[in-house]
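# Coordinates in review
Residue-level listing of the chains:
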2 protein chains.
Amino acid sequence: MASRQSLLAIVPFIVCLVSTTASQSILQVTQENTFSGHRNIRIGDHLYCDSWRFSVETNDAGYWSTIPARCEGFVEDYMTGEQYLSDSEFVAEDSFAFAKTVEIAGDGRDAWVFDIDETLLSNLPYYAEHGFGSETYDENSWDSWVYLAEAPALPASLNLYKQLEQLGFTIFLLTGRGESQRNVTEKNLLYAGFSNWERLILRGPSDEGKPAIVYKSEKRSDLRDEGYMIHGSSGDQWSDLLGFAVARRSFKLPNPMYYIA
Amino acid sequence: MASRQSLLAIVPFIVCLVSTTASQSILQVTQENTFSGHRNIRIGDHLYCDSWRFSVETNDAGYWSTIPARCEGFVEDYMTGEQYLSDSEFVAEDSFAFAKTVEIAGDGRDAWVFDIDETLLSNLPYYAEHGFGSETYDENSWDSWVYLAEAPALPASLNLYKQLEQLGFTIFLLTGRGESQRNVTEKNLLYAGFSNWERLILRGPSDEGKPAIVYKSEKRSDLRDEGYMIHGSSGDQWSDLLGFAVARRSFKLPNPMYYIA
């Protein structure tokens with residue numbers, strides 16, 4: 001809500017402007033063109049971008065390659081403000097509410113699958129330097145960031161992870177990262193506070209070039225064949241959740257920065 | 001954006017209050033407790049309710065029976081403001097963008113399935129009298145409303161419907177309403193501007209008691225068995241879209257008023 005608080009904070013300034021010029025038209029112009037003093041998003045843009053976010057988060061939009069230019073400030077405000085944290089907390093609460101209804105057999109076969117990037121780990125420090133998804137993907141700078149192994153945990157997900165562990169779920173991590181990044185990924189997960197996962201599954205040589213939705217479905221299918229019951233699955237991408245061998249319940253975390261098919 | 005415009009509209013009032021009392025604390029109290037002068041939603045509630053809406057519209061929440069009490073004003077503002085119309089327009093645009101990519105064979109087998117209530121028809125006049133979904137479902141008053149046959153079209157959906165018709169799709173209407181309401185439903189659809197559907201499918205005696213997601217999946221499966229390719233499906237409920245025999249692409253319309261399993 002940072003932007004709304006900012007709006008209230010600039011109220012005296014706006015009214016001062018109006019009262020000194022005694023012109024109603026200035027306030028009207030301000031009303032039409034400015035939603036937030038913080039990022040100078042126009043009201044029309046905010047309406048549009050809120051609808052765009054609905055469209056991408058429900059997957060109505062299907063594949064999309066870039067944030068609409070008029071929504072770049074909106075996405076930055078969303079990702080750096082309270083709403084993103086609040087939304088991800090809500091998803092974690094939904095997930096935990098379901099997890100508590102699962103009868104854990106105690107044979108280690110009751111599983112939960114987590115994606116990693118923008119699900120367990122937040123790459124916000126990286127995206128803050130790279131236009132919050134509005135810049136074209138750059139493999140070099142991304143790899144440099146990954147090798148730092150310093151991505152923080154998404155707080156709500158870390159909390160959920162520990163709750164699921166306590167409930168007795170067997171936790172699998174299923175990521176689109178490649179095997180060459182196994183060590184740095186493990187290092188980063190430990191750095192961020194995660195531990196005790198059953199298995200970290202990364203793309204091997206035979207997975208190269210597969211769409212994420214196929215690769216992840218195949219890996220879930222393998223887990224099923226091994227005898228695991230996948231009760232829940234958490235991911236910020238629909239390709240983490242849809243396809244085949246889907247979990248009993250899937251939990252979509254927010255991510256208006258990028259789309260992986 | 002009605003509520004945000006209202007906020008700007010009450011700016012002079014707030015500042016007047018502050019300047020006459022010369023007390024900064026009043027403005028601070030206002031900042032903490034009020035998001036919108038229109039409905040008196042507190043900032044904390046707006047953050048919470050926006051997250052709740054994310055949770056129900058992505059289906060992360062799964063089944064839910066009632067709008068949280070603190071979100072009743074939020075839902076009313078959403079449904080009666082510009083955001084609901086804007087969101088449904090965005091969904092219609094997503095749907096049309098996909099529909100245009102479909103190669104229509106011309107044999108009448110390329111199909112699109114629409115739900116009716118809160119998809120083609122808007123029952124907002126009814127819900128405005130019944131707490132926007134916050135009141136317990138009342139079959140008598142609902143049936144009286146249905147028999148009026150005066151629900152207006154959701155504008156974006158009427159536009160999409162006509163566009164799909166022009167593209168050559170065969171249109172099926174699949175509703176949870178029962179056969180006893182066939183005549184009034186047809187009457188209402190025509191009143192609202194819809195025509196030329198291939199078939200209106202309502203719950204028959206053998207469908208009674210089935211969860212919507214099962215009933216609708218079975219009916220889509222029947223259409224498939226008849227040789228139709230269901231390219232798209234539009235509905236405000238996840239039970240319109242998920243299950244089996246799902247469409248190639250599904251389009252979730254907004255509805256924070258109620259959930260049908």
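These remarks concern the structure in this document. (Residues numbered from 1 in each chain as written. Chains lettered and ligands numbered in written order. Predicted model: local features only at pLDDT ≥ 70, side-chain atom pairs only at ≥ 80, totals over all residues. Heavy atoms only, no water.)

A separate point is the overall build of chain A. Scanning chain A from N- to C-terminus turns up 11 helices and five strands. By the burial criterion, 55% of the 261 residues in chain A qualify as buried. Restricting the contact set of chain A to residue pairs at least 6 apart, pairs at least 24 apart contribute 69%. If you sum the accessible surface of chain A, you get close to 11,200 Å²; carbon and sulfur atoms cover 51% of it. (Helix = DSSP H or I, 4+ residues; strand = E, 2+ residues; numbered from the N terminus. Buried < 20%, exposed > 50% of the residue type's maximum accessible area, 1.4 Å probe, protein only. Contact = heavy atoms within 4.5 Å. Areas by Shrake-Rupley, 256 points an atom, 1.4 Å probe, with all protein chains shown as cover.)

Here we take up the sheet that holds strand β4 (residues 229-235) of chain B. Residues and elements named next belong to chain B. Taken in spatial order, the five strands of this open sheet run β3-β2-β1-β4-β5, and their pairing is parallel. Every other strand in the sheet has two partners, leaving β3 (199-203) and β5 (249-252) as the edge strands with one partner each. When the angles between neighbouring strand axes are averaged without regard to direction, this sheet yields 20 degrees. Bridge count between strand β2 (residues 170-178) and β3: four bridges; the pairing is parallel. What sits directly across from Phe 172, in β3, is Arg 199. The strands touched by helix α6 (residues 82-99) within the sheet are β1 (110-114), β4 and β5, with β5 carrying the most contacts at an inclination of about 165 degrees. (Pairing = 2+ DSSP bridges. Axes fitted to C-alpha atoms, helices over the stretch in contact; angles between N-to-C directions.)

Right, let's talk about the sheet that holds strand β4 (residues 229-235) of chain A for a bit. Residues and elements named next belong to chain A. The strand order β3-β2-β1-β4-β5 describes an open sheet built from five strands, whose pairing is parallel. Edge strands, defined here as strands with exactly one partner in the open sheet, are β3 (199-203) and β5 (249-252). Pairwise comparison of adjacent strand axes, ignoring direction, gives a mean angle of 20 degrees for this sheet. Across the sheet, helix α11 (residues 212-225) lies against β1 (110-114), β2 (170-178), β3 and β4, angled at about 150 degrees from β2, the strand it touches most.

Examined against the element boundaries, A:Arg224 turns out to sit in helix α11. When residues no more than four places from it in sequence are discounted, the contact partners of A:Arg224 are A:Ala245 and A:Val246.

Once that is clear, we can look at the pairing of β3(A). Within β3(A), four of the five residues are buried, which leaves it mostly tucked inside the rest of the structure. Handedness of the crossover joining β2(A) and β3(A) through helix α10 (residues 182-192) of chain A: right-handed. (Right-handed = clockwise from strand over helix to strand, strands pointing away.)

The next subject is unusual backbone geometry. Residues and elements named next belong to chain A. For Asn 59, which is not a glycine, the phi torsion comes out positive at approximately 75 degrees. Relative to the assigned elements, Asn 59 resides in the loop between α4 (43-57) and α5 (72-80). Judged by relative accessible area, which is 15%, Asn 59 ranks as buried.

Here we come to the packing of helix α4 (residues 43-57) of chain B against helix α5 (residues 72-80) of chain B. The angle between the axes and the distance between the axes are what describe a pair of packed helices. Residues and elements named next belong to chain B. One can describe the packing of α4 onto α5 by two numbers: an axis separation of 10 Å at closest approach and a directional angle of 65 degrees. The two elements α4 and α5 meet at a crossing, and its hand is right-handed. Of α5, the residues touching α4 (which contributes His 46, Cys 49, Asp 50, Trp 52 and Arg 53) are Phe 74, Val 75 and Tyr 78. Of the residues contributing to the contact of α4 with α5, the split by class is five nonpolar, one polar and two charged. (Left-handed = near helix turned anticlockwise from the far one by under 90°. Nonpolar A, V, L, I, M, F, W, Y, C, P; charged D, E, K, R; others polar.)

Turning next to the packing of aromatic side chains. How two aromatic rings sit relative to each other is set out by the distance from centre to centre and by the angle between their planes. Residue and element names in this part refer to chain A. Enumeration according to the criterion identifies 35 aromatic pairs over all chains in this entry. Plain terms: the ring middles of Tyr 78 and Tyr 84 are 5.9 Å apart, the flat faces sit at 65 degrees to each other, and that makes the pair edge-to-face. With respect to burial, Tyr 78 and Tyr 84 carry one shared label: buried. Taken together, the ring pairs connect Tyr 126, Tyr 127, Trp 142, Trp 145 and Tyr 258 into an aromatic cluster. One cation-aromatic arrangement involves Arg 70 over Tyr 48; the distance from NZ or CZ to the ring centre is 4.0 Å. (Phe/Tyr/Trp six-rings, centres within 6.5 Å; stacked < 30°, edge-to-face > 60°. Lys NZ or Arg CZ within 6 Å of the ring centre and 35° of its normal.)

Attention now moves to the state of the cysteines. Residues and elements named next belong to chain A. As enumerated under the stated definition, the model contains two disulfides over all chains in all. Between the sulfur atoms of Cys 49 and its disulfide mate Cys 71 the distance is 2.1 Å. Linking Cys 49 and Cys 71, the disulfide has an S-S dihedral of approximately -90 degrees and is accordingly described as left-handed. In this pair, Cys 49 sits in helix α4 while Cys 71 sits in the loop between α4 and α5, placing the two residues 22 residues apart along the sequence. For the pair Cys 49 and Cys 71, a shared accessibility class is recorded, and that class is buried. (Disulfide = S-S within 2.5 Å.)

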